[in-house]
Amino acid sequence: YRDLHTFELQAPTRLIEWARGSRVCVAGYGQSDGNEILQLIPPPTLLTKETQGLCPERDFKVECGGFSERPVYSLKYVPDTSLLVTSGPPDSSLQVWQVSAEDSDVIKSVSPIATENGTGQSWAKIATISARAPWVLHGSRLDRVQITEVESRKNVYTAASRGSEELSGLAFLDCNTLLLCCATGQLCVADIRQPQNLMEAVSVPSAPCSEQWCMGTRHGAQGLEPSSQPVARLSSRGLLTLTDLRKTSEFLALAKARVPSPGSGAEFLCVSWAPALEGCLAISGFDGTVHVYDTQSWDSSGREAEPIFVHKGHAFGGASGSGDPPLVTVHTWHLQKPRTLLSAATDGSLHVWDWVQPCGKC
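Cut-off values and rules
- Residues numbered from 1 in each chain as written.
- Predicted model: local features only at pLDDT ≥ 70, side-chain atom pairs only at ≥ 80, totals over all residues.
- Heavy atoms only, no water.
- Core = buried A, V, L, I, M, F, W, Y, C linked by side-chain atoms within 4.5 Å.
- Buried < 20%, exposed > 50% of the residue type's maximum accessible area, 1.4 Å probe, protein only.
- Helix = DSSP H or I, 4+ residues; strand = E, 2+ residues; numbered from the N terminus.
- Contact = heavy atoms within 4.5 Å.
- Salt bridge = Lys/Arg side-chain N within 4 Å of Asp/Glu carboxyl O.

Caption draft 1: Geometry of the nonpolar core. Among the nonpolar cores identified, the biggest contains 20 residues, and Leu 137, Ile 147, Phe 172, Leu 178 and Leu 180 are the most heavily contacted of them. Going through the elements one at a time, β10 (125–129), β11 (135–139), β14 (167–172), β15 (177–182) and β16 (187–191) are the ones with two or more residues in this core. Leaving out residues up to four positions away in the same chain, Leu 180 has contacts with Leu 142, Val 145, Leu 167, Gly 169, Leu 170, Gln 186, Leu 187, Cys 188 and Met 199. One finds Ala 257, Leu 269, Trp 298 and Ala 305 within the second-largest nonpolar core, a separate group that totals 18 residues.

Next up, the structure:
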């Protein structure tokens, strides 16, 4: 490691979100009342773009926080605002939160965003954007996807789909184009300017019906079309696919990750592209590790891929409250520091790490 910071949370978290001023937002997912939502100030070394020398202050600090009466399974910061949007059981409604001003340390609950026929539906996956206005894209199933303006609660868009497959993720490719990923691995592309048109579907490799999938999208460089950036999909068996949305009839690459087999389930599956490293992605959710891969040499053979780095810090952190070994629940990349990642686990540990990579690699 070049650097490693650890922080112990009061309860396990399954999400990490960057907010204003390089703050980090986390939230608990326990089933009891009083799940914490915290905004943390990272260690000073993470607040500068350049790598610094030794720093006396190495801990996160709690800047403000609040409590949710329901488990928080998804959390997104609304760009250019001081708002957070969360979702979680028992239904598909959304909760909106106001991050307080500098003179207060409270994250306050604002009126929720109710969804049509939300009762009985699984928790909603969410994505946010502020290209035109603060919008939240949300839905639990393919036929329940919509965009809501966060501040006015106005419905902006409802997707037209004949399918009702469960969603594992969704994203804005740009202010007009949406990408939806079903738990079965199917990708669907929608244009909000044509709400009545059926969505274009992108298939996945043949796989057992029990296999679950998640996706990771990559934000392109300035001037590049979002559709030109490959979409990564990860299955509960460790299969990785890269897809170019401009040519969906074939895969850019197929590979098999070095993960425990069979997979431990899909609850915490996570795949993400490095924002500042060409061709690098990270995966987690199988055990107490995070794997980093360089995809630039991958082909369509489906061979096992060799990780360029494996973070094992959570695995050695001791057993969680249930007595089981810690399981990584989520990871995310630092927005400016190329090799810096944040990861959290079921034992409440939050790690920030930066690895030393030999020259010529990622």
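Caption draft 2: Highlighting the pattern of salt bridges. Considering all chains together, one arrives at 12 salt bridges under this definition. A salt bridge links Arg 237 to Glu 211, with the shortest nitrogen-to-oxygen separation between them at 2.9 Å. With a gap of 26 residues between them, Arg 237 in the loop between β19 (231–235) and β20 (239–243) and Glu 211 in the loop between β17 (200–202) and β18 (213–216) connect regions that are remote in the sequence. With relative accessibility at 4%, the residue Glu 211 sits in the buried group. A salt bridge links Arg 218 to Glu 278, with the nearest nitrogen and oxygen atoms 2.8 Å apart. Of this pair, Arg 218 sits in the loop between β18 and β19 while Glu 278 sits in the loop between β22 (270–273) and β23 (280–284); the two residues are 60 residues apart in sequence, bridging distant segments of the chain. Arg 218 sits in the buried class, given a relative accessible area of 16%. Among the charged side chains, a network of salt bridges with common partners joins Arg 258, Glu 304 and Glu 306.

Caption draft 3: Representation of unusual backbone geometry within the structure. In this structure, the amide linkage connecting Pro 89 to the following residue, Pro 90, adopts the cis form with an omega of 15°. Locating Pro 90 in the fold gives a position in the loop between β7 (83–87) and β8 (94–99). Phi angles above zero are rare outside glycine, and Arg 153 is one such case at about 65°. Among the structural elements, Arg 153 can be located in the loop between β12 (146–149) and β13 (155–158).

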